[in-house]
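What the coordinates show
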Amino acid sequence: MKEDILEQIVDEHLNLRGYFTLANVKYKPAPGDAGYDSQQDSVPSDIDVIGFHPEKSGPEKVVVVSCKSWQDGFWIDWELDYIENNKSFAGRERWRTYRELANDKWALAFKRKIKELTGQDEFQYWVACLFVGDPEHKESWTANESFKRRLTPHLSIVTLHDILREIHDSLSNTPAGSEVGRLIQVMKAAKIKVAA
């Protein structure tokens, strides 16, 4: 079951692109992993959405999405500052929000889970968000050498607007096979603008 509306929208978006999806997949480091700490590593984290496309190859075959549905948006410079300088927010070290990107042990566990479920070593990793507060800094995230080395070189940031626009542009008058697709069709018919 998907935890929030953004996860549902991402899931349906990937389905419309031909991906089979799984949501809220648990993972954690194994006791034999280097640096394993039973007090820190015994509670699993989850992967919000995994998409697997049977006809694609390379990193496009698997898309893994971390959904950040914060109403204040996704502020790249702020997030990077808090991750890189081990700062806390709301009583929690911020790197833990991105443990697969920020910690070698958790990255290994994440990749192991993706391999177990899809058979693939390569994948795309998206951060899906409502909006990017500082879009001019997207490359600071997607080209981050630590993230690319640790997890995957195929990093993207995708906004809700990007997703809705793509769904909007792909729909015809035939009733869509998803709730989100059907909602966008109704909005389109009502002359409510989704596309930029």
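Before any of the text, the structure's been laid out above.
The paragraphs below set out a description of the structure included in this document. Please read all numbers here as calculations on a predicted model, not as lab measurements.

Rules used throughout
- Residues numbered from 1 in each chain as written.
- Predicted model: local features only at pLDDT ≥ 70, side-chain atom pairs only at ≥ 80, totals over all residues.
- Heavy atoms only, no water.
- Phe/Tyr/Trp six-rings, centres within 6.5 Å; stacked < 30°, edge-to-face > 60°.
- Helix = DSSP H or I, 4+ residues; strand = E, 2+ residues; numbered from the N terminus.
- Buried < 20%, exposed > 50% of the residue type's maximum accessible area, 1.4 Å probe, protein only.
- Lys NZ or Arg CZ within 6 Å of the ring centre and 35° of its normal.
- Contact = heavy atoms within 4.5 Å.
- Pairing = 2+ DSSP bridges.
- Axes fitted to C-alpha atoms, helices over the stretch in contact; angles between N-to-C directions.
- Parallel < 35°, antiparallel > 145°, perpendicular 65-115°, else oblique.
- Nonpolar A, V, L, I, M, F, W, Y, C, P; charged D, E, K, R; others polar.

1. Let's talk about the packing of aromatic side chains
Two numbers describe a pair of aromatic rings. These are the distance of the centres and the angle of the planes. This structure, assessed with the given rule, holds 11 aromatic pairs. Here the aromatic rings of tyrosine 27 and tryptophan 106 are separated by 5.6 Å at their centres, their planes lie at 80°, and the arrangement is edge-to-face. Of this pair, tyrosine 27 sits in strand 1 (residues 20-27) while tryptophan 106 sits in helix 5 (residues 104-118), placing them 79 residues apart in sequence. When sorted by exposure, tyrosine 27 lands in the same class as tryptophan 106, which is buried. Members of the aromatic cluster, joined through ring pairs, are Tyr27, Trp106, Phe110, Phe123 and Tyr125. Across from the ring centre of tryptophan 106, 4.6 Å away, lies the NZ or CZ of arginine 99, which sits over that ring.

2. As for unusual backbone geometry
The backbone of asparagine 24 shows a phi angle near 55°, a positive value even though the residue is not glycine. Locating asparagine 24 in the fold gives a position in strand 1. Owing to a relative accessible area of 14%, asparagine 24 belongs among the buried residues under this scheme. Not every positive phi belongs to a glycine, and lysine 191 is a case in point at roughly 65°.

3. Describing the environment of cysteine 129
Following the sequence through the fold, cysteine 129 ends up in strand 6 (residues 124-129). Separated by 17 residues in the primary sequence, cysteine 129 and serine 146 have C-alpha atoms spaced 21 Å apart. Cysteine 129 has contacts with Leu6, Lys68, Phe74, Ile157, Val158, Thr159 and Leu160, leaving out every residue within four places of it along the chain.

4. A few points about the sheet that holds strand 3 (residues 62-68)
Pairing is mixed across the open sheet formed by 5 strands, whose spatial order is 1-2-3-6-7. Edge strands, defined here as strands with exactly one partner in the open sheet, are strand 1 and strand 7 (155-159). Recorded for the sheet is a direction-independent mean angle of 30° between the axes of neighbouring strands. Relative to strand 3, strand 2 (residues 45-52) runs antiparallel, the two being bridged by 4 bridges. Paired with glycine 51 across the two strands is valine 63, which belongs to strand 3. Together, strand 1, strand 2, strand 3 and strand 6 form the strand contacts of helix 1 (residues 5-16), whose direction differs from that of strand 3 by roughly 160°.

5. Brief notes about the environment of lysine 115
Among the secondary structure elements, lysine 115 is positioned in helix 5. Of the residues examined, lysine 115 reaches a relative accessible area of 37% and is grouped as partly exposed. Beyond its immediate sequence surroundings of up to four residues, lysine 115 is in contact with Gln120 and Asp121.

6. Side note on the packing of helix 8 (residues 160-170) against helix 9 (residues 179-189)
Between helix 8 and helix 9, the shortest axis-to-axis distance is 10 Å and the interhelical angle comes to 75°. Classified by the interaxial angle, the pair formed by helix 8 and helix 9 is roughly perpendicular. Contacts between helix 8 and helix 9 involve Leu164, Ile167 and His168 from the first element and Val180, Gly181, Ile184 and Lys188 from the second. When the residues that make up the contact of helix 8 with helix 9 are grouped by side-chain class, the tally is 4 nonpolar, 2 polar and 1 charged.

Keep in mind that these numbers describe shape and distance, not what the molecule does.
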